[in-house]
Amino acid sequence: MKKTENIMGTRPILPLLISMAVPPMISMLIQSMYNIVDSIFVAQIGENALTAVSLAYPLQNLVLAVAVGLGVGINSCIAISIGAKDQEKINKVATHGIFLTAVHAICFIFIGLFLTKPFIGIFTNNEEIFRLGTTYSYIVICFSFGSLFHIAIEKMFQATGNMIVPMILQGIGAIINIILDPIMIFGMFGFPKMGVAGAAIATIIGQIVACMLAVILFIKKSGGIHIKLKGFKFEKDVIKKIYSIAVPSGIMMSLPSILIGVLNGILVSISQIGVAILGLYFKLQTFVYMPANGVIQGMRPIISYNYGAKNHKRLLETLKVSLFIVGLIMTIGMSIFLFFPNQILMMFSASDQMMDIGVTSLRIISVGFIISSIGIVFSGMFEALGRGIESLTISLIRQLIIIPPLSFILVKIIGINGVWISFPIAEIIAATASFIIFKRMLKEIYISSN
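Residues numbered from 1 in each chain as written. Predicted model: local features only at pLDDT ≥ 70, side-chain atom pairs only at ≥ 80, totals over all residues. Heavy atoms only, no water.

Draft legend 1. A look at the overall build of the chain. A tally of helices and strands in the chain yields 18 helices and 0 strands. Over its C-alpha trace the chain gives a radius of gyration of 21 Å, about what one expects of a compact globule, namely 22 Å for 450 residues. Counting only C-alpha atoms and orienting by the principal axes, one finds that the chain spans roughly 60 × 50 × 35 Å. Expressed as a percentage of the 450 residues in the chain, the buried residues total 59%. For the chain, the share of sequence-separated contacts (at least 6 apart) that also reach a separation of at least 24 residues comes to 82%. Distance between charge centres in the chain, computed from 31 positive and 18 negative side chains, equals 11 Å. (Helix = DSSP H or I, 4+ residues; strand = E, 2+ residues; numbered from the N terminus. Rg over C-alpha atoms; globule rule 2.2 N^0.38 Å. Buried < 20%, exposed > 50% of the residue type's maximum accessible area, 1.4 Å probe, protein only. Contact = heavy atoms within 4.5 Å. Lys, Arg positive; Asp, Glu negative; His and termini not counted. Charge placed at Lys NZ, Arg CZ, Asp CG, Glu CD.)

Draft legend 2. Spatial organisation of the nonpolar core. In terms of nonpolar packing, the biggest core is built from 139 residues, with I78, I242, Y281, F369, M381, W420 and F423 touching the most fellow members. Of all the elements, helix α3 (residues 47-83) adds the most residues to this core, at 18 residues. (Core = buried A, V, L, I, M, F, W, Y, C linked by side-chain atoms within 4.5 Å.)

Draft legend 3. Representation of the side chain of K155 in the model. Within the secondary structure, K155 is located in helix α6 (residues 145-159). For K155, which is buried and forms no salt bridge, the nearest opposite charge comes from E154, at a distance of 4.2 Å. In contact with K155, other than residues within four places in its own chain, are V68, G71, V72, N75, Q297 and R300. (Salt bridge = Lys/Arg side-chain N within 4 Å of Asp/Glu carboxyl O.)

Draft legend 4. Inspection of helix α9 (residues 236-267) at higher detail. Counted at 1.5 Å a residue, the expected span for α9 with its 32 residues is 46 Å, and the 44 Å between its end C-alpha atoms agrees. Where α9 bends most, the angle comes to about 40°, and this point is S254, followed within four residues by the proline P256. (Expected span 1.5 Å × (residues − 1). Bend = angle between axes of the 7 residues up to and from the residue.)

Draft legend 5. Local environment of the pattern of salt bridges. Under the counting rule described, the total for this entry stands at 4 salt bridges. Its salt-bridge partner being R398, residue E427 comes within 2.9 Å of it at the nearest N-O pair. Of this pair, E427 sits in helix α18 (residues 417-449) while R398 sits in helix α16 (residues 388-401); the two residues are 29 residues apart in sequence, bridging distant segments of the chain. Assessed through its relative accessible area of 11%, R398 is described here as buried. In this structure, a network of salt bridges that share partners links the residues E88, K92 and E235.

Draft legend 6. Broad picture of the packing of aromatic side chains. One pass over the structure, following the stated rule, counts 12 aromatic pairs. Here F337 and F369 contribute two aromatic rings whose centre-to-centre distance is 5.2 Å and whose plane-to-plane angle is 75°, an arrangement assigned as edge-to-face. Of this pair, F337 sits in helix α12 (residues 312-339) while F369 sits in helix α15 (residues 369-384), placing them 32 residues apart in sequence. Across this residue pair, the class does not change: F337 and F369 are buried. Among the aromatic residues, ring-to-ring pairing joins F378, F382, F435 and F438 into one connected group. (Phe/Tyr/Trp six-rings, centres within 6.5 Å; stacked < 30°, edge-to-face > 60°.)

Draft legend 7. Inspection of a nonpolar patch on the surface at higher detail. A cluster of nonpolar side chains, I106, I109, F110, L113, F114 and L115, forms an exposed patch at the surface whose accessible area comes to about 610 Å². In this structure, I109 sits in helix α4 (residues 87-123). Looking at I109, the relative accessible area reads 36%, which means it is partly exposed. (Patch = residues over 30% accessible without salt bridge, like charges linked within 9 Å, V, L, I, M, F, W, Y side chains within 5 Å. Areas by Shrake-Rupley, 256 points an atom, 1.4 Å probe, with all protein chains shown as cover.)

Draft legend 8. How the structure looks around the packing of α9 against helix α17 (residues 403-414). For the pair α9 and α17, interaxial distance at closest approach is 10 Å and the crossing angle is 15°. When the interaxial angle is binned, α9 and α17 end up roughly parallel. The element α9 and its partner α17 pack so that their crossing is right-handed. Along the contact surface, α9 presents L259, V262, L263 and I266, while α17 presents I403, P404, S407, F408 and V411. Of the residues belonging to the contact of α9 with α17, the class tally is 8 nonpolar, 1 polar and no charged. (Axes fitted to C-alpha atoms, helices over the stretch in contact; angles between N-to-C directions. Parallel < 35°, antiparallel > 145°, perpendicular 65-115°, else oblique. Left-handed = near helix turned anticlockwise from the far one by under 90°. Nonpolar A, V, L, I, M, F, W, Y, C, P; charged D, E, K, R; others polar.)

Draft legend 9. Representation of the environment of P256 in the model. Within the element layout of this structure, P256 appears in helix α9. Taking C-alpha positions, P256 is 19 Å from M334, a pair spaced 78 residues apart along the chain. Contacts of P256, omitting those with residues within four sequence positions, involve N61, F282 and Q399.

Draft legend 10. Here's a closer look at the packing of helix α10 (residues 272-284) against helix α11 (residues 286-308). At their nearest, the axes of α10 and α11 sit 5 Å apart, and the two run at 35° to each other. Between α10, through Y281, F282, K283 and L284, and α11, the contact on the second element is made entirely by T286, F287, V288 and Y289. Looking at side-chain class alone, the contact of α10 with α11 contains 6 nonpolar, 1 polar and 1 charged residues.

Draft legend 11. Region of interest: the environment of A200. By the element assignment, A200 lies in helix α8 (residues 196-220). As for A200 and V377, which are separated by 177 residues in sequence, their C-alpha atoms are 32 Å apart. Apart from residues no more than four positions distant in its own chain, A200 is found in contact with Y136, I139 and V140.

Draft legend 12. Main features of the side chain of R314. Mapped onto the secondary structure, R314 falls in helix α12. Here R314 is buried and forms no salt bridge, its nearest opposite-charge partner E317 lying at an N-O distance of 5.6 Å. One polar contact links R314 to N306, side chain to side chain, over a distance of 3.3 Å. (Polar contact = N/O pair within 3.5 Å; in protein donor to acceptor, adjacent residues only side chain to side chain.)

Draft legend 13. A look at unusual backbone geometry. One non-glycine residue, F189, lies in the positive phi region at around 55°. When you line up the elements, F189 lands in the loop between α7 (164-186) and α8. For F189, a relative accessible area of 69% translates into the label exposed.

Below, the structure is given as structure tokens:
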């Protein structure tokens, strides 16, 4: 850990950030790939199957939101404690994180059992879509413990500056899923043909294997973090600190689920295909936002450490470099969506009607990618500083405060394209708010340090 501390406090920012961001960027790209591969195989079953999986996405993303939210809370608290050289606090946060993850895993069993049918039933009257959607959701939600524990441990590794192990964990889970998808969906090598259920089973197997590997690697080399289960008791102050970051972060991660749910309600009255396209977009955009999130994952521990060490110059330099790299990623993503939407949609066996609507939607939404760089980076910085509310505010503007009401209004004026146009407008407003909040926060940091 001492070596990690020296690196985060002394190594030049650009090579340091790249070394810490590239592994999670690679793992996120792999993660994005298996999300897309999942949909490519499911699309071969039929359009109803693709729509069913799209309707299940909000519940699936809720699991990820809770896992990453708690993980970010653990990550930030540990990294700040490393900067402050408080070993006792490091161990307490890690131990609490494991127990809180177990509580979350139990909660999702009940959510999967009792909320799946009511949720899917809100968005479709089609019996086949309802059946496929509930089948997929039951499996990925009730057996989500693998994802929850894997991500919690992954964030602990990242807090110490170890980005290689999380990359390995993500990669193995994703590769297993990709391999098992066609085998279990279509019935190969002696396996029965399970369709949508097979896609869900392949997903949870990949997650559970990654979880088991995460536990083994953490036991062997935890980077100076020690989880002490014997005699453990929950401490109010530790829980409060973790959740002060985890809850806003988790809400931010769950915003796509809420947003998709609301927009599906708007789209379902216009076009069932629009629902499928929206689901596809949110999986496709992970190819752009996941690598950007990898940069944020590399950025967070650097900012947290230097904030704990009161090195504000390195903190601001990290912010500037992160903005540049994320902006570059978003520019590339926008270019792909603008110039190759037909080729992208052809991968999903898109019908002529889906192609007509989908090409326009991808081009319109992608315009906001570059602008979103500002909101993404500043949100990550606010989280790293333990300012979850500020981070949540930006994400709410980006995904919930502007898009649903604006979509509702514009769809009545210009039709389905009104939904897509609301995305870049929300990014412009969020970017403006980010600068305002950042300037106020910067004054507070310098005042408190003097």
